[in-house]
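Breakdown of the fold
Below, each chain spelled out in residue letters.
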Amino acid sequence: MGTENDLDVEGQTEPPIRGLKSSKNTSASASSPTLAGTVRTAGTVSDSTPTLPGFTPESAHTLTVPDVTALLDSDSQNGLDNTEAARRLQQYGPNKVEGAKGLSLWTILLRQVSNSLTLVLVITMILSFAIDDNIEGGVIAAVILLNIVVGFVQDYRAEQTIQALYALSAPTCKVVRAGQTESIKAEQLVPGDLVRLGVGDVVPADLRLVSSINLSTDEALLTGESLPVSKHAEIILKDRDVPLGDRTNMVYSASTVTRGRAMGIVIATAMNTEVGKIAELLRTTRGKTVDEDSSIVTKIWTKIRNGMRVILGLDGTPLQVSLSKFALLLFGLAILLAIIVFSVSKFKIDDEVLIYGICVAVAVIPESLIAVLTIATALGTRAMAKGNVVIRKLAALEAVGGVTNVCSDKTGTLTQGKMVAKRVWLADGTEITIQNTNHPFDPTSGDVRVGESDWVLSEKEKKTPAQLNAFLETVALCNNSAVTQVDAAVPFKAIGEPTEIALQVLAMRFDSGKPQLMAGGGHELLAEYPFDSSCKRMTVVCRSDGSDDADNASAYAYTKGAIEAILPLMNASDALKTEIVTRAETLAAEGLRVLCVARKPVDATLFNTGSASESKDGSEQNNKKVPERNTVECDLVFLGLAGLYDPPRVESAAAVAKCKEAGITVHMLTGDHVKTATAIAYEIGILSRDPSAAASSSNEIMVASAFDALSEAEIDAMPSLPLVLARCSPTTKVRMVEAMHRRKAFCVMTGDGVNDSPALKISDVGIAMGLNGSDVAKEAADMVLTDDNFASIVTAVEEGRRLFDNIQKFLLHLLISNIAQVILLLIGLAFKDNKGVSVFPLSPLEILWANLVTSSFLALGLGLEDAQPDVMQRPPHNLAVGIFTKELIIDKFVYGTAMGALCLAAFTSVAYGVSGPEGLSEFCNSDYSPSCTLAFRARATTFATLTFLLLVTAWEAKHFTRSLFNMHPEKYSGPFSVFRTVWQNKFLFGAVSAGFVICFPLVYLPVVNRTVFKHEAITWEWGIVAACVAVYILIVEAWKAGKRRRLAGLRNKKAVVGVEAA
């Protein structure tokens, strides 16, 4: 059919991009020296491999066909007999790739509670019920249940969207058994079976080719190659360690036949195939493992340790680990505070002391944190779904915001995954360029320049040179692809090989496509000499258009193929041939795949029409009288060169630039050739064309074989890791991720093929392709891109950073509340009644209301804040520091201390400013009596003060340094800008408004205030509340002003240093 492969120029310093790499690695010998003296003994087949000693599937490419069939006790003509096939099926089992360990409902549920904060809440809930405080226990139980339900539903829906791992083997296949061809289920294949392959077939197992005719297979899902690979049964490779993509006498399970036909002998099935080996990696579990030789005690301890780390949430993203450690710290602090309360009462613990101790312990724990975090993240996943990103795990969205490195596949992610003609050089020196192609199949997409002029299709007749017409006629007719469009509303569709599709689209850009040329009976096809991998060219003979004499009409032979295949057949001077080679090398150096196009006039009477029939073996017997191929493909007239490539996505360059601006390094890890990868990397900005930048790093571009040859110490000694890694294997990608982890980098790995799955699994955030990705890759990933677009990754990073910023905001808000309550309650131990019993400044339910109702909705509103304008202009946050930055820690103590002090001031102003020497009444912690009015009014004043201060804090926490009264100067300013600031986040505005309004019924409703909340209606005390709010705003604004002044001083200092250095 087409000329898909071997299109690069030979004779260069580098071998061709596709095909056989070096002739010295091959042999055409009929037998292999590895079998010299080998005697095969029946019944010695291993259970783990389907071969005898001396042969493994990994070495099949180094053996001849007779050697392989002998070792497998098979027959290259007749295959196995049915009895032997049944015996082997019983021995080796069905040919099925076992799926990765999918997430069960129990696993998804366990994920929701596997964090220390949830465990602390569970313990608090148990204690509350134990002391018959059912209201408090019930509220905490509701919070825990809410967190579990929201997280479970989100993760379960994501699993349903991605679905489980599917079997990659073909459903049926054609097998030769006892000399007869039959169709069987692929899972019934056994080692030694003889399989027939044709165009469109999915390879059902790993095969050593027995015979092949013009065979090419698409191995993109396994090796990452962007184009099909030519296969040759007669080749024997000497190097056992040749990469999978270069084993041209082998075909592998899950690859697809794109051209030709073949027969092959099964050497590996099921989990012994290359696909199976990768799937097996996904079945292993994370966590620290233990050697098999270790003692039983060590093995048990390792399992217990790994299990405890999972339960406590110490295995996961940086945020998960930080919050889990923080929860454990809070738990320890809560116990310490409870002990302090008990010690004050000299460990005479009655019900009131126990309740007060639990109140202090509860006050230090942000009960709503885990629920707010889960809901905010779930809402973020909904936003990401609109941005073409499916989040399989809630934690992944937060994690992706902290990435420092992105390792991306090239084909289909950074590029469009389709071939496009980019450059054409005609024999008369005319150059044609095609740029800005958005749709590779659409001939109207992109900009075309012919020479120095822009091409416009409507002006074709007056602008198309004759030399260009001849070139377009050749690439359109010597072509078996079809590019069609049903109507203008439907996008173009294409059938055929990528290279031929690209050439057909090129011709259609000039209204010279094959349908137009052959319309009305013009250019009748007289003969076709199909592409053959041995000669690397294709020729068709067509009757010349416009002839009146059907018998003596002139015709042309149209030829296209590799430079090295056509150049010797040209009727051209040495000078012209030298120029052709030079031009071809220039195109190849740009990473383009080069095609040579030529034609010559022939006598149409030499090609008689006839019929065709099919031979016994399935091959076509041509009854037409046609000249030999070598008599037609000679004295060719050179027309031009075509340079083809897989173009970058339009969004890729901008997305890479955005990553660089955000301090994220982008690496390209591809199975493609180094020249192609390098050209794309330069085009989209992964590599810089600045000579000084290139000189600063000599290892920006590496071939995987060179990288794999380095030890871990040598890799760690490199100044920086490669930006482009070409010819990657799965092992290479895994080693790259491991090297990043040793450098304390936090990396994203993208991939679509089976070969990407191990790296996706061990990376910090694995992102699979949804359109063209394999199910194995999706199973291993944390996220899935529904549009396979690199730009969607940048969107995910931006959303992750927004979420991280917002987590810091609502974490600050929640912790300020907790610190204020701890200060209030600890110092409140000094507020004693006449019997020396401490009077609660806040009742237990008031504490829970502030933490679970007021703070929760305010924190959730902060979680919905828009991204800051500079979110992608700053470097990634420090992973070593995590969420608890120095600024957040200092701010929470400053604001929390101020809030706690003001709450104390509110309580003492009412309790002691009015009561006089009599002090507080007795038994006011549990029940109301007229003598407790003062204590209840003081408690109500403290509750109102705490509530209003929390409402104000929610707005102040929108930005850590900017004033609430001038928070968005780039958008609006003026004395009334504060109103636009608070109105910007409507959910937060509603939460603040609701908190303000609800506070009044809680204070004034008769049953609610005295019986439930243990406080009383207040009047003049609102003046104290207002004064506390005003003082608090002054403290916060003064603190922010001090921070702004300090930051300005640091910037000025850096500017002065920079000027002095210059």
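If you check an unreviewed UniProt entry, the chain appears there as Sodium/potassium exporting P-type ATPase 1 from Apiosordaria backusii. As stated in UniProt under Cofactor (unreviewed entry), the record for the chain gives "Mg(2+)". Among the UniProt annotations of the chain, the heading Sequence similarities (unreviewed entry) holds the following wording: "Belongs to the cation transport ATPase (P-type) (TC 3.A.3) family. Type IID subfamily."

**Describing the overall build of the chain**
What the chain contains, in helices and strands, is 36 helices and 30 strands. For the chain, contacts bridging at least 24 residues in sequence account for 71% of all contacts bridging at least 6. When the accessible area of the chain is evaluated, it comes to approximately 44,300 Å², of which 58% is carbon and sulfur surface.

**A closer look at the side chain of Gln416**
Its location among the elements puts Gln416 in the loop between α13 (410–414) and β12 (420–426). Polar side-chain contacts of Gln416 include one of 3.2 Å to the backbone oxygen of Pro648. Ignoring sequence-local partners within four residues, the contact set of Gln416 consists of Thr437, Asn438, His439, Pro440, Asp646, Pro647, Pro648 and Arg649.

**Examining a nonpolar patch on the surface**
Judged by side-chain polarity, Ile296, Ile300, Trp301, Ile304 and Met308 come together as a nonpolar surface patch covering roughly 540 Å² of accessible area. Relative to the helices and strands, Met308 is located in helix α8 (residues 296–311).

**Regarding helix α16 (residues 498–509)**
Between its first and last C-alpha, α16 extends 17 Å over 12 residues, near the 16 Å set by a 1.5 Å rise per residue. Looking only at α16, the buried set comprises Thr499, Glu500, Ile501, Ala502, Leu503, Gln504, Val505, Leu506, Ala507, Met508 and Arg509.

**Quick notes on the nonpolar core**
Note on soluble globular proteins: their nonpolar side chains tend to be buried together. Within the largest apolar cluster, 170 residues are counted, with the highest numbers of intra-cluster contacts made by Leu641, Phe790, Phe810 and Tyr1032. A total of 19 residues in this core trace back to one element, the largest contributor, which is helix α29 (residues 790–827). Contact partners of Phe810, with chain neighbours within four places excluded, come to Leu369, Val372, Leu373, Ala376, Ala859, Leu862 and Gly863.

**So, the state of the cysteines**
Counting across every chain of the model gives one disulfide. Here Cys924 pairs with Cys932 through a disulfide, and the sulfurs are 2.0 Å apart. Measuring handedness by torsion sign, the sulfur bridge of Cys924 and Cys932 sits at about -90° and is left-handed. Residue Cys924 is classed as buried on the basis of its relative accessible area, which comes to 3%. Residue Cys932 is classed as buried on the basis of its relative accessible area of 0%.

**What about the sheet that holds strand β25 (residues 665–669)?**
Ordered in space as β10-β30-β29-β28-β11-β25-β27-β26, the eight strands form an open sheet in which the pairing is mixed. Of all the strands in the sheet, just β10 (389–391) and β26 (701–703) have a single pairing partner and so form its edges. Within this sheet the neighbouring strands show an average axis-to-axis angle of 20°, counted without direction. Where strand β11 (residues 405–408) lies against β25, four bridges are found, and the strand directions are parallel. In the strand pairing of β25, Ser408 is matched with Met668. Against the sheet, helix α26 (residues 730–742) touches β11, β25, β27 (724–726) and β28 (747–751), its axis set at about 165° to β28.

**Focus on the environment of Phe510**
For Phe510, the position within the fold is in the loop between α16 and α17 (514–518). Residue classification places Phe510 among the buried positions, given a relative accessible area of 1%. Spatially, the C-alpha atom of Phe510 lies 8.1 Å from that of Leu472, the residues being 38 residues apart in sequence.

**Notes on the pairing of strand β13 (residues 431–435)**
Residues Ile432 and Ile434 line the buried face of β13, whereas the alternating positions Glu431, Thr433 and Gln435 sit on a face that is not buried. Linking β12 back to β13 in an antiparallel pair, the connection comprises four residues, with Gly429 at a positive phi of about 95°. Bridge count for β13 against strand β14 (residues 447–450) is four bridges, and the pairing is antiparallel. Paired with Ile434 across the strands is Val448, a residue of β14.

**Overview of the environment of Arg801**
Secondary-structure assignment places Arg801 in helix α29. When its relative accessible area of 4% is taken as the criterion, Arg801 is described as buried. The spacing of Arg801 and Pro876 is 75 residues in sequence and 8.4 Å in space, taken between C-alpha atoms. A polar contact of 2.8 Å, which involves the side chain of Arg801, links it to the backbone oxygen of Ala662.

**Section: the packing of aromatic side chains**
This structure, assessed with the given rule, holds 15 aromatic pairs. With centroids separated by 6.0 Å and ring planes inclined at 40°, the aromatic side chains of Phe943 and Phe1013 adopt a geometry described as tilted. One end of the pair, Phe943, is in helix α32 (residues 933–956); the other, Phe1013, is in the loop between α35 (1006–1012) and α36 (1021–1061), and 70 residues separate them in sequence. Looking at Phe1013, the relative accessible area reads 5%, which means it is buried. Members of the aromatic cluster, joined through ring pairs, are Phe948, Phe996, Phe1000 and Trp1022. In this structure, Lys422 is placed above the aromatic ring of Tyr645, and the distance from its NZ or CZ to the ring centre is 4.7 Å. One Lys or Arg, Arg599, reaches over the ring of Tyr556 and ends 4.1 Å from the middle of that ring.

**Some words on the pattern of salt bridges**
Under the defined criterion, the tally for this structure stands at 28 salt bridges. One salt bridge connects Glu683 with Lys422, and the closest N-O pair in it is separated by 3.8 Å. Here Glu683 is found in helix α22 (residues 674–684), whereas its partner Lys422 is found in strand β12, with 261 residues between them in sequence. Judged by relative accessible area, which is 36%, Glu683 ranks as partly exposed. With relative accessibility at 18%, the residue Lys422 sits in the buried group. The residue Lys536 makes a salt bridge to Glu564 at a minimum N-O spacing of 3.4 Å. One end of the pair, Lys536, is in the loop between β18 (525–532) and β19 (537–543); the other, Glu564, is in helix α18 (residues 563–566), with 28 residues separating them in the sequence. Bridged by salt links that share partners, the residues Arg423, Glu431, Arg583 and Glu590 form one connected network.

**Details of the confidence of the model for the chain**
In this model, the chain carries a mean pLDDT of 79, and residues with pLDDT of at least 70 account for 82%. In this model residues 285–290 is a low-confidence stretch, pLDDT under 50, and it forms 12 contacts with partners more than four residues away in sequence or in other chains.

**Observations concerning the packing of α29 against helix α30 (residues 844–863)**
Contact geometry of α29 with α30 gives a least axis separation of 9 Å together with a crossing angle of 160°. The angle between α29 and α30 places the two elements in the roughly antiparallel class. Crossing hand, α29 versus α30: right-handed. For the pair formed by α29 and α30, the contact residues are Arg802, Asn806, Lys809, Phe810, His813, Leu814, Ser817, Asn818, Gln821 and Leu825 on the first element and Ile847, Ala850, Asn851, Ser855, Leu858, Ala859, Leu862 and Gly863 on the second. Looking at the contact of α29 with α30, its residues break down into eight nonpolar, eight polar and two charged.

**Things to note about the side chain of Thr217**
You can see Thr217 is positioned in strand β5 (residues 206–218). Among the residues examined, Thr217 registers a relative accessible area of 0% and is labelled buried. Aside from chain neighbours lying at most four places away, what touches Thr217 is Pro228, Val229, Lys231, Val251, Ser255, Thr256, Val257 and Thr258.

**Here's the deal with the packing of helix α21 (residues 652–661) against α29**
Relative orientation and spacing of two packed helices are given, respectively, by the angle between their axes and the distance between those axes. Relative to each other, α21 and α29 sit at 30°, their axes nearing to 8 Å. Between α21 and α29, the crossing angle belongs to the class labelled roughly parallel. Crossing of α21 against α29: the hand is left-handed. Contacts between α21 and α29 involve Ala655, Val656, Lys658 and Cys659 from the first element and Phe790, Ala791, Val794 and Glu798 from the second. Split by residue class, the contact of α21 with α29 holds six nonpolar, no polar and two charged.

Rules used throughout
- Residues numbered from 1 in each chain as written.
- Predicted model: local features only at pLDDT ≥ 70, side-chain atom pairs only at ≥ 80, totals over all residues.
- Heavy atoms only, no water.
- UniProt positions renumbered as here; feature names shortened; annotations may be inferred.
- Helix = DSSP H or I, 4+ residues; strand = E, 2+ residues; numbered from the N terminus.
- Contact = heavy atoms within 4.5 Å.
- Areas by Shrake-Rupley, 256 points an atom, 1.4 Å probe, with all protein chains shown as cover.
- Polar contact = N/O pair within 3.5 Å; in protein donor to acceptor, adjacent residues only side chain to side chain.
- Patch = residues over 30% accessible without salt bridge, like charges linked within 9 Å, V, L, I, M, F, W, Y side chains within 5 Å.
- Salt bridge = Lys/Arg side-chain N within 4 Å of Asp/Glu carboxyl O.
- Expected span 1.5 Å × (residues − 1).
- Buried < 20%, exposed > 50% of the residue type's maximum accessible area, 1.4 Å probe, protein only.
- Core = buried A, V, L, I, M, F, W, Y, C linked by side-chain atoms within 4.5 Å.
- Disulfide = S-S within 2.5 Å.
- Pairing = 2+ DSSP bridges.
- Axes fitted to C-alpha atoms, helices over the stretch in contact; angles between N-to-C directions.
- Phe/Tyr/Trp six-rings, centres within 6.5 Å; stacked < 30°, edge-to-face > 60°.
- Lys NZ or Arg CZ within 6 Å of the ring centre and 35° of its normal.
- pLDDT = per-residue confidence, 0-100.
- Parallel < 35°, antiparallel > 145°, perpendicular 65-115°, else oblique.
- Left-handed = near helix turned anticlockwise from the far one by under 90°.
- Nonpolar A, V, L, I, M, F, W, Y, C, P; charged D, E, K, R; others polar.

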